[in-house]
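Each chain, letter by letter, is given below.
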Amino acid sequence: MIGGTVDIIVHKILDDGTLAEVYKASGGAWGGTVVDKEFKKFVSSLFENDNCLEDLWNLAPMDALELEREFEAKKRNVTKDSALRLQLPQRLIMFSKANLQDEKPKSITVAHMYIQSEEFKSFFTLAKREIIKIIENILKEVGTIDSVILVGGFSCSVFLREEIKRHSAFSKLKFLCPRDPGVVVLQGAVLFGYNPREVSARISRYTYGISVLVDFNEKIHPRSKHCIVDGKEKCDDVFEVLAYEGDLLQYDEVKISALTSRHRSHDRKKLCMKIEMFQTQNVVKDKLAFVTDEGFTSIGKILFHPPEGGWPDLVKYESKFFFGQTNIRVEACESGNNVTIYTSFELN
């Protein structure tokens, strides 16, 4: 769990000591920033001015920064029965539209701002509810989970950890949290950089594929996708699937797409061939789909650069897509002579 978002992933320890992802990373924007937003609502209500913190940032950014830092530090260590006491920036009072002496005696003194226990706990209500819901859904799908390891900045909150652990649905789960959960994320990233094969398999979060031209078949292809390429009738924008959402992909698992491109006309000899790659979700397996359908997002274009003498009349080539890592790697070569084709990738 990290400040802005909460990401939950399920791994299985294999016999060789490596990890296999058995449930794809999931979550949402239920991190510490949700609590920060509730705190800002509290301050705005206290001073009866929705823009008081923004005004403080404009007038005295160091005071505003100090207030946020103090709240960040204290919200991590506050327990369910304790209240928060924060230093009150005097410049903040300038933007108050409330009669603080008469209306808010329990929350404001000359030097401090107080947040009572029940008020403070309410800051976590939305984030806590959504995190619990995510874990419950994962348990329903995965089944048995032995341990939950809490890492990241939001895991530093003692109150949040205890609230999640005491939920009735998690009574059989063992919750673990390292001494400094915020630093652990950085340490893990460094260690993974040294040995990326520690995660030997991953679940695909999306269905990945490419846009291809296929021979036009009037029985199955809409007329709107009909086009003529180098004198041949083709169907444009057909989605060729490389990996389906939910597939377990081994480290460096290769998916091969066998493609053909015609270059009989002179203007196509030096043409840089392009294949556009897409990601989507909820695709029906083996059902014809087009990349122009709703829900498809373009990742970028794979460029195949012509050899020095230009393309032959007919190019048969294989594109190899390597999955199972934190990125997707692409290689290509001509099928007949196994000559490597220089390939580059343009991100959208």
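Coordinates for the structure precede this section.
A short tour of the structure in this document, coming up. (Residues numbered from 1 in each chain as written. Predicted model: local features only at pLDDT ≥ 70, side-chain atom pairs only at ≥ 80, totals over all residues. Heavy atoms only, no water.)

1. Let's talk about the overall build of the chain
From N to C terminus, the chain includes 9 helices and 17 strands. Along the first, second and third principal axes, the C-alpha atoms of the chain reach 85 × 50 × 40 Å. Per-residue burial over the chain gives 38% buried out of 348 residues. Restricting the contact set of the chain to residue pairs at least 6 apart, pairs at least 24 apart contribute 73%. (Helix = DSSP H or I, 4+ residues; strand = E, 2+ residues; numbered from the N terminus. Buried < 20%, exposed > 50% of the residue type's maximum accessible area, 1.4 Å probe, protein only. Contact = heavy atoms within 4.5 Å.)

2. Regarding the sheet that holds strand β15 (residues 314-323)
Strand order in the open sheet made by the 3 strands is β12-β15-β16, with antiparallel pairing throughout. Edge strands, defined here as strands with exactly one partner in the open sheet, are β12 (253-262) and β16 (329-334). Between one strand axis and the next, the sheet turns by 25° as a mean value, whatever way the strands run. Of the strand pairs in this sheet, β15 and β16 are connected by 6 bridges, and their pairing is antiparallel. (Pairing = 2+ DSSP bridges. Axes fitted to C-alpha atoms, helices over the stretch in contact; angles between N-to-C directions.)

3. Section: helix α8 (residues 158-165)
Taken residue by residue, α8 has Phe159, Leu160, Glu163 and Ile164 as its buried positions. Angular distribution of buried residues about the axis of α8 spans 125°; they occupy a single face of the element. The secondary structure elements touched by the buried residues of α8 are α6 (117-122), α7 (125-142) and β6 (174-176). (Arc of directions from axis to C-beta.)

4. Looking at unusual backbone geometry
Working note: non-glycine residues mostly have negative phi, and peptide bonds are mostly trans. Here glutamate 48, not a glycine, exhibits a phi torsion of approximately 55°, which is positive. Within the secondary structure, glutamate 48 is located in the loop between α1 (32-47) and α2 (52-59).

5. With respect to the sheet that holds strand β11 (residues 248-250)
Pairing is mixed in the open sheet, where 4 strands are placed in the order β1-β2-β7-β11. Both edges of this open sheet fall to β1 (6-13) and β11, since each of them pairs with a single strand only. Recorded for the sheet is a direction-independent mean angle of 30° between the axes of neighbouring strands.

6. Points about the pairing of β1
On a regular strand, each side chain points to the face opposite its neighbour's, so the side chains alternate between the two faces of the sheet. In terms of strand pairing, β1 meets strand β2 (residues 19-28) through 7 bridges, oriented antiparallel. Within the sheet, the bridge partner assigned to isoleucine 13 lies in β2 and is leucine 19. As consecutive antiparallel partners, β1 and β2 are separated by 5 residues, and within that stretch glycine 17 has a phi angle of approximately 90°, a positive value.

7. Observations concerning the packing of aromatic side chains
Applying the stated rule across the entire model yields 13 aromatic pairs. In this structure an aromatic cluster arises from ring pairing among Phe39, Phe42, Phe71, Phe120, Phe123, Phe124, Phe154 and Phe159. Over the face of the ring belonging to phenylalanine 322 we find arginine 329, whose NZ or CZ atom lies 4.0 Å from the ring centre. (Phe/Tyr/Trp six-rings, centres within 6.5 Å; stacked < 30°, edge-to-face > 60°. Lys NZ or Arg CZ within 6 Å of the ring centre and 35° of its normal.)

8. A short note on the pattern of salt bridges
In the structure shown here, the tally under the stated rule is 18 salt bridges. A salt bridge links glutamate 163 to arginine 166; its shortest N-O distance comes to 2.6 Å. The class of arginine 166 is partly exposed, set by a relative accessible area of 46%. In the salt-bridge network here, residues are joined through shared partners; they are Asp36, Glu72 and Lys75. (Salt bridge = Lys/Arg side-chain N within 4 Å of Asp/Glu carboxyl O.)

9. Examining the environment of threonine 33
Tracing the backbone shows threonine 33 in helix α1. Residues threonine 33 and serine 335 lie 302 residues apart in sequence; the distance between their C-alpha atoms is 52 Å.

10. A few points about the packing of α7 against α8
Between α7 and α8, the shortest axis-to-axis distance is 10 Å and the interhelical angle comes to 45°. By the angle class used here, α7 and α8 are oblique. For the element pair α7 and α8, the recorded crossing hand is right-handed. Facing α7, whose interface residues are Lys128, Ile131 and Ile135, α8 presents Leu160, Glu163 and Ile164. (Parallel < 35°, antiparallel > 145°, perpendicular 65-115°, else oblique. Left-handed = near helix turned anticlockwise from the far one by under 90°.)

11. Here we look at the pairing of strand β14 (residues 297-304)
Relative to β14, strand β13 (residues 273-280) runs antiparallel, the two being bridged by 7 bridges. By the bridge assignment for β14, glutamine 279 is matched with threonine 297. Across 5 bridges, the pairing between β14 and strand β17 (residues 343-347) is antiparallel. From the neighbouring strand, lysine 301 faces β17, where its bridge partner is glutamate 346.

Coordinates in, geometry out; function isn't part of it.
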